[in-house]
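Report on the structure
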Amino acid sequence: MAMTDPSGTVPTNKPSVQVSDDAAGYYTPGEPLVDPRTPTGPIATRWTNRKFENRLVNPANRRKLTVIIVGTGLAGGAAAATLGEAGYNVKSFCYQDSPRRAHSIAAQGGINAAKNYKEDGDSVHRLFYDTVKGGDYRSRESNVYRLAEVSANIIDQCVAQGVPFAREYGGLLDNRSFGGVQVSRTFYARGQTGQQLLIGAYQALERQVAAGTVSMYTRHEMLDLITVDGKARGIIARDMVTGAVETHTADVVVIASGGYGNVFYLSTNAMGSNVTAAWRAHRKGALMANPCYTQIHPTCIPVSGDHQSKLTLMSESLRNDGRIWVPKNKEDCDKDPRDIPEEDRDYYLERIYPSFGNLVPRDIASRQAKNVCDEGRGVGPMVGDFRRGVYLDFSDAIARLGKKGIEAKYDNLFDMYERITGENPYEVPMRIYPAVHYVMGGLWVDYDLQSNVPGLFVSGEANFSDHGANRLGASALMQGLADGYFVLPNTIREYLADGPFEAIGDDHPDVVAARESVQGRIDRFLAINGERSADSYHKELGNLMWEYCGMERTAEGLRKAIDGIRELKRDFWSNLKVLGTADSLNQSLEKAGRVADFLELGELMCIDALNRRESCGGHFRAESQTEDGEALRIDEEFAYVAAWEFTPAVENDPNEPQGSMGTPVLHKEDLLYTAIEMKQRSYK
Amino acid sequence: MKLTLKIWRQADAQARGEMRTYQLDGVSEDMSFLEMLDVLNEQLNASGEEPVAFDSDCREGICGTCGLMINGQAHGPEVTTTCQLHMRTFSDGDEITIEPWRADAFPVVKDLIVDRGAFDRIIQQGGFISANTGSAPEANSVPVPRDKALRSFNMATCIGCGACVAACPNGSASLFMGAKITHLGELPQGQPERDTRVVNMVAQHDHEGFGGCTNIGECTAACPKEIPLDVISQLNKDLRTALKHGH
């Protein structure tokens, strides 16, 4: 058995060598990728050393340096506030009408931190270990260690800002255990932790707006990245009220625009959540890493019909007391569940996983729900050809704890369920179904959160770096705030120490080209004048993605999806219908741009999933499973980050004004561990 | 079900708006109110009329983006956000009037969308605790009594949707301000700036064109997060104290 190396120099694993090549013909192999900013030495000293090595920027110079930050969720809002406090000239952009509305606000459960307030054996190293293991050994160990290290500072910072975390009777902070870990390290504010953390960051941001260090651009959407001499030097943004296409130059650009789960059309993301900022950067050279890593959450309220616009998550704590089942017989699926006798019910998770039962990890619970519905044993309304729902039944728990006991634990969730479905879960079993919730993939960044485009940094869900192939509960908020408050401000200064860079005028040829390209695309959307709305294309793309690139993926299905997406893309550019004008608030136009980018991203996700012929974390390839149907990770071939480079098509669709997407180039970054050993998981 | 919708249409801030009537068939009771409008918009797009512009984002009642006057009530007949209102609340054949928030301090941008930037500017004047990143003491070094932490949290659940303003005959944002004053004022960390916070926020509120409070209580009735009216008493009390302190 290999031992971990405290000096941090000898890896416990060998670089992988890929044998299979499912995606042959869909990609071009590229040069291996090495993170030029990889830290060295014992893992516990790497971040401390890096903070010291990174150069400082003289306080008098900071106001001469302009930082653009796109997105005002936890990662973007916290970074804008912190860099503003430090004295930089910050320009902050969000598509919402106020920075307070970014989708971090919807996170329910909590935020992890290695405070060990419960004295239950938690530590930085344990949080690090749990996170790498939870990510199925597909994240970088140095990044994750740093995340665990700064987690405790986040709680201090938020409390100082007035975030009203839950407290015990003595007035000290309360913790709970979350997402199946054995220590209580999750800080929370009822079921609204994301809201409270975001309001903390938002208020810090608004304070800097008043102080004059941050200029806030609400209802602005980034539509292109300006690069000059290979460096990020600003963005082209559209004022969504006036329609003006604006040029904003800067010394450095930060993308903190969140995740792209809406490529599936239905997800727990906000309606406006999109990939455009990240995708525009990708088209300008930034690598997109592990795009196929998607987290699907098992306990969401099912789709009720074709009109469905988004899905609502219910805390997975419900699985602590609810029992999941479907009828044994298809004929019972449209019966009142209360009339189905005990012997005709299949408590399938308890049956397949007797030791973990209803508490199996998110991806297993999700996949098994899909399997029973695919067999035709789903419940609830027909959506397409299938009923997509399983029962989450509280009748045993109500008998055990009384209705009062259940109310005390879950009342707000039961109310929410009844408001949306019109059914009373105290009387009738709840129906749940998995939904896309989070993406682990994102723009590739080095240890300093800089992309391969110099001067372009990426933080929060928009980057790929910390969660590997699966994210643990209560870790998204932790990463967003770690990046925004503590990591980015300490790494961006190394880049800015060489600035201020030569001013770029609005008439610089590269700036003019970017602006004209954005304008050309807007004009094209309005000129197509076809038959179909952008929303209808989005829905069709979502169906393809969910069917073939969702919970279970096969080579055959993914190839089918790629063909389908390509066809859809051609139709989109020739048959789209956008009414209204470019120089006014035009939500159909906004949507068209986002869907165009989702179409390209969807294709890349399928190619990435096709290439990765292994099952890891949220990515399940049917071809790679154990005899028991469990995910089978293949470290010998796939212990690497897949970083994709955009390539323009050789043969352009003449209807696409910016040129079509060509065959992407795959760069592999090996994942080597010194402080941890890779293990296969088992929940049987 | 089949509905008659009377919707405010206004091309931009300068244009003169008007109510327009639309017929919508095939509405399912499982649709949310905003999904019903999505269906209308698909229909309008197909028929060549520009879709109705309205704001929404999370569609789970927490971001505060959506907000419509539905039959004269902010967020409609139930105590929730517009996005969480479902069509089973309505009946076949109903006529539903849909307007934007009405308040001088919230100018209409287009159709059903208003500009709530005034809320951000009120927060800028003091709706925060000054604590630069990195300067925070250990989180458990300052205990907070549980009842105070709980009251603070309950007031911090305000989503800044603006329903309180839209419902108030005076167009006052006192409930919004009172919630923030109470959220921060209940915590030990919020004490050093307590006086300046309330004075500056109230000054900005008045400057933005929000009206004064005359204790009507429509605000709390319309609030989807059920922020209680007593936060306005807290606001007045904090203001009196600050003025007594010479601010």
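Bear in mind that the values here come from a model prediction, so they are computed numbers and not experimental data. (Residues numbered from 1 in each chain as written. Chains lettered and ligands numbered in written order. Predicted model: local features only at pLDDT ≥ 70, side-chain atom pairs only at ≥ 80, totals over all residues. Heavy atoms only, no water.)

Quick notes on the overall build of chain B
Put simply, the test is: Secondary structure elements follow DSSP: runs of H or I of four or more residues count as helices, runs of E of two or more count as strands, with numbering from the N terminus. Relative accessibility under 20% of the residue-type maximum defines a buried residue, over 50% an exposed one, and the middle range a partly exposed one, all with a 1.4 Å probe and only protein chains included. Whether two residues touch is decided by their heavy atoms; if any such pair falls within 4.5 Å, the residues are in contact. Accessible surface is estimated by sampling points in the Shrake-Rupley manner with a 1.4 Å probe; for residues, cover comes only from the protein chains shown.
Helices and strands together make up the secondary structure of chain B, namely eight helices and seven strands. Oriented by its inertia axes, the alpha-carbon framework of chain B measures out at about 60 × 35 × 35 Å. Relative to its full complement of 247 residues, chain B shows a buried share of 58%. For chain B, restricting intrachain contacts to residue pairs at least 6 apart in sequence, the fraction spanning at least 24 positions comes to 69%. When the accessible area of chain B is evaluated, it comes to approximately 9400 Å², of which 47% is carbon and sulfur surface.

Thoughts on the domain arrangement of chain A
Interfaces are often described in size by the accessible area the parts lose on coming together. All names here are of chain A. The criterion, for reference: Domain delimitation follows an automatic or database domain assignment. The quantity reported as buried area is the accessible area (1.4 Å probe) lost by two parts once they are put together, taken as the sum for both. Here a salt bridge means any side-chain nitrogen of Lys or Arg lying within 4 Å of a carboxyl oxygen belonging to Asp or Glu. A 3.5 Å cut-off defines polar contacts: any pair of N or O atoms within that distance qualifies, except that in protein one atom must be a possible hydrogen donor and the other a possible acceptor, and neighbouring residues in sequence count only when both atoms are side-chain atoms.
If you check the domain split of chain A, you get domain 1 (299-434) and domain 2 (509-670). One C-alpha centre belongs to domain 1, the other to domain 2; they are set 32 Å apart. Listed per partner, the contact involves ten residues of domain 1 and nine residues of domain 2. Taken together, the two surfaces of domain 1 and domain 2 that pack against each other cover about 830 Å², and 52% of this comes from carbon and sulfur. Contact with domain 2 buries surface across domain 1, with D363, R367 and K370 losing the most and accounting together for 55% of the total. One can count zero salt bridges joining domain 1 with domain 2. Scanning the region where domain 1 abuts domain 2 turns up two residue pairs in polar contact (both at pLDDT 80 or more). When contributions to the side of domain 1 that touches domain 2 are tallied by element, the ones reaching two or more residues are α9 (362-377) and β18 (430-439). Per-element accounting of the side of domain 1 that touches domain 2 gives the leading share, six residues, to α9.

A short note on the environment of A:E552
Residues and elements named next belong to chain A. Turning to its location among the elements, E552 is positioned in the loop between α13 (534-548) and α14 (555-575). Taking the C-alpha atoms as reference, E552 lies 46 Å from A86; in sequence the two are 466 residues apart. If sequence neighbours within four positions are ignored, E552 has contacts with R367, N371, E547, F620 and A622.

Let's talk about the sheet that holds strand β19 (residues 442-443) of chain A
Sheets are built from strands that pair by backbone hydrogen bonding, the pairs being arranged parallel or antiparallel. Residues and elements named next belong to chain A. Filter applied, for reference: Strand pairing is assigned whenever DSSP detects at least two bridges linking the two strands. Helix axes use the C-alpha atoms of the stretch in contact, all axes being lines fitted to C-alpha atoms, and the angles between their N-to-C directions lie in the range 0 to 180 degrees.
In space, the five strands of this open sheet follow the order β1-β22-β21-β11-β19, with mixed pairing throughout. Edge positions in the open sheet fall to β1 (28-29) and β19, since each of these has one partner strand only. Here strand β11 (residues 288-289) runs beside β19; their pairing, made up of two bridges, is antiparallel. Residue M288 lies in a different strand from β19, and its bridge partner there is L443. On top of the sheet, helix α15 (residues 587-611) reaches β11, β21 (640-645) and β22 (665-670); it is set at about 145° to β21, its chief contact.

Concerning helix α4 (residues 124-134) of chain A
Along an α-helix, residues three or four apart share an orientation, since each turn contains 3.6 residues. All names here are of chain A. All of the buried residues along α4 are L127, F128, D130, T131 and V132. The inward-facing, buried residues of α4 abut β4 (111-112), α5 (141-161) and α11 (476-496). Residue D136 follows α4 closely and has a positive phi angle near 55°.

Observations concerning the pairing of strand β10 (residues 252-255) of chain A
Residue and element names in this part refer to chain A. Burial of β10 is two-sided: the residues V252 and V254 facing one way and the residues V253 and I255 facing the other way are all buried. Relative to strand β20 (residues 456-458), β10 is paired through three bridges, and the arrangement is parallel. Residue pairing in the sheet places V253 in a bridge with L456 of β20.

Digging into the side chain of B:T133
Along the chain, B:T133 turns up in the loop between α2 (117-124) and α3 (146-156). Non-local contacts of B:T133, meaning those with residues more than four positions away in its chain, are made with A:T82, A:E85, A:Q157, A:Y485 and A:F486.

Quick notes on the interface of chain B and chain A
Rules: Side-chain classes are defined by residue name, with Ala, Val, Leu, Ile, Met, Phe, Trp, Tyr, Cys and Pro counting as nonpolar, Asp, Glu, Lys and Arg as charged, and the others, Gly among them, as polar.
Of the residues lining the interface, 78 residues belong to chain B; the matching set on chain A comes to 74 residues. In this assembly, chain B packs against chain A so that about 6000 Å² is buried in total across both faces, 48% of it on carbon and sulfur atoms. Counting the contacts that link chain B with chain A gives five salt bridges. Where chain B touches chain A, the interface holds 48 residue pairs in polar contact (both at pLDDT 80 or more). Taken together, the elements giving at least two residues each to the side of chain B that touches chain A come down to α1 (33-47), β6 (108-110), β7 (113-114), α2, α3 and α5 (174-185) of chain B. A per-class count over the side of chain B that touches chain A returns 37 nonpolar, 23 polar and 18 charged.

Looking at the domain arrangement of chain B
Residues and elements named next belong to chain B. What the domain assignment reports for chain B is domain 1 (3-110) and domain 2 (116-244). Each of domain 1 and domain 2 has a C-alpha centre, and the two are 29 Å apart. Of the residues lining the interface, 19 residues belong to domain 1; the matching set on domain 2 comes to 20 residues. For the domain 1 and domain 2 pair, buried surface summed over both sides reaches about 1300 Å², with 65% attributable to carbon and sulfur atoms. For the domain 1 face of the interface with domain 2, the top three residues by lost area are V79, A105 and F106, together amounting to 37%. Linking domain 1 with domain 2 are zero salt bridges, by the criterion used here. Between the two partners, domain 1 and domain 2, sit four residue pairs in polar contact (both at pLDDT 80 or more). Looking at side-chain class alone, the side of domain 1 that touches domain 2 contains ten nonpolar, six polar and three charged residues.

Section: the sheet that holds strand β7 (residues 220-228) of chain A
All names here are of chain A. Sheet architecture is open: three strands sit in the order β7-β8-β9, paired in antiparallel fashion. In this open sheet, the two strands that pair with only one neighbour each are β7 and β9 (245-249). Direction aside, neighbouring strands of the sheet carry axes that sit 25° apart on average. Direction of pairing for β7 relative to strand β8 (residues 231-239): antiparallel, over a ladder of eight bridges. Each bridged residue has a counterpart across the sheet, and for L225 the counterpart in β8 is I235.

Quick look at unusual backbone geometry
Residues A:G499 and A:P500 are joined by a peptide bond in cis, for which omega reads -5°. Relative to the assigned elements, A:P500 resides in the loop between α11 and α12 (509-528). Although it is not a glycine, A:E119 sits at a positive phi angle of roughly 50°. Mapped onto the secondary structure, A:E119 falls in the loop between β4 and α4. A relative accessible area of 65% places A:E119 in the exposed class. Phi is positive for B:E226, which is not a glycine, with a value near 55°. The exposed category is assigned to B:E226, whose relative accessible area is 57%.

Quick notes on the pattern of salt bridges
Residue and element names in this part refer to chain A. If you walk through the whole model with that rule in mind, you get 70 salt bridges over all chains. We note a salt bridge from R140 to E669, for which the minimum N-O separation is 2.7 Å. Here the residue R140 occupies a position in the loop between α4 and α5, and E669 occupies one in strand β22, the gap between them amounting to 529 residues. Through salt bridges with shared partners, a single network forms among D136, R138, R612, E614, R633 and D635.

Here we look at the packing of α2(B) against helix α6 (residues 194-208) of chain B
All names here are of chain B. Stated precisely, the cut-off is as follows: Each angle receives one of four descriptions, namely roughly parallel if under 35 degrees, roughly antiparallel if over 145, roughly perpendicular if within 65 to 115, and oblique otherwise. In this scheme the crossing of two helices becomes right-handed for a clockwise turn of the near helix relative to the far one and left-handed for an anticlockwise turn of less than a right angle.
The interhelical angle for the contact between α2 and α6, taken along N-to-C directions, is 155°, at an axis separation of 8 Å. Taken as axis vectors, α2 and α6 run roughly antiparallel relative to one another. Judged by the twist between their axes, the crossing of α2 over α6 is right-handed. Across the interface between the two elements, A118, R121 and I122 of α2 pack against M201, Q204, H205 and E208 of α6. Tallied by class, residues from the contact of α2 with α6 come to three nonpolar, two polar and two charged.

Structural notes on the packing of aromatic side chains
Going by this rule: In summary, the pairing rule links any two rings of Phe, Tyr or Trp, Trp by its six-membered ring, whose centres are within 6.5 Å, and it sorts them by plane angle into stacked for under 30 degrees, edge-to-face for over 60 and tilted for everything else. Lysine NZ or arginine CZ positioned within 6 Å of the ring centre and within 35 degrees of the ring normal marks a charge as sitting over the ring.
Taken as a whole and assessed by the stated rule, the structure comprises 27 aromatic pairs over all chains. Ring geometry for A:Y27 against A:W644: centres 6.0 Å apart, planes inclined by 85°, an arrangement best described as edge-to-face. Note that A:Y27 is positioned in the segment before β1 and A:W644 in strand β21, a separation of 617 residues in sequence. Residue class for A:W644 comes out buried when judged on its relative accessible area of 0%. Linked through ring pairs, A:F394, A:Y410, A:F414 and A:Y426 together constitute an aromatic cluster. Geometry around A:Y426 places A:K403 over its ring, the cationic atom sitting 4.7 Å from the centre. Just above the ring of B:W8 sits the side chain of B:R102; from NZ or CZ to the centre is 4.5 Å.

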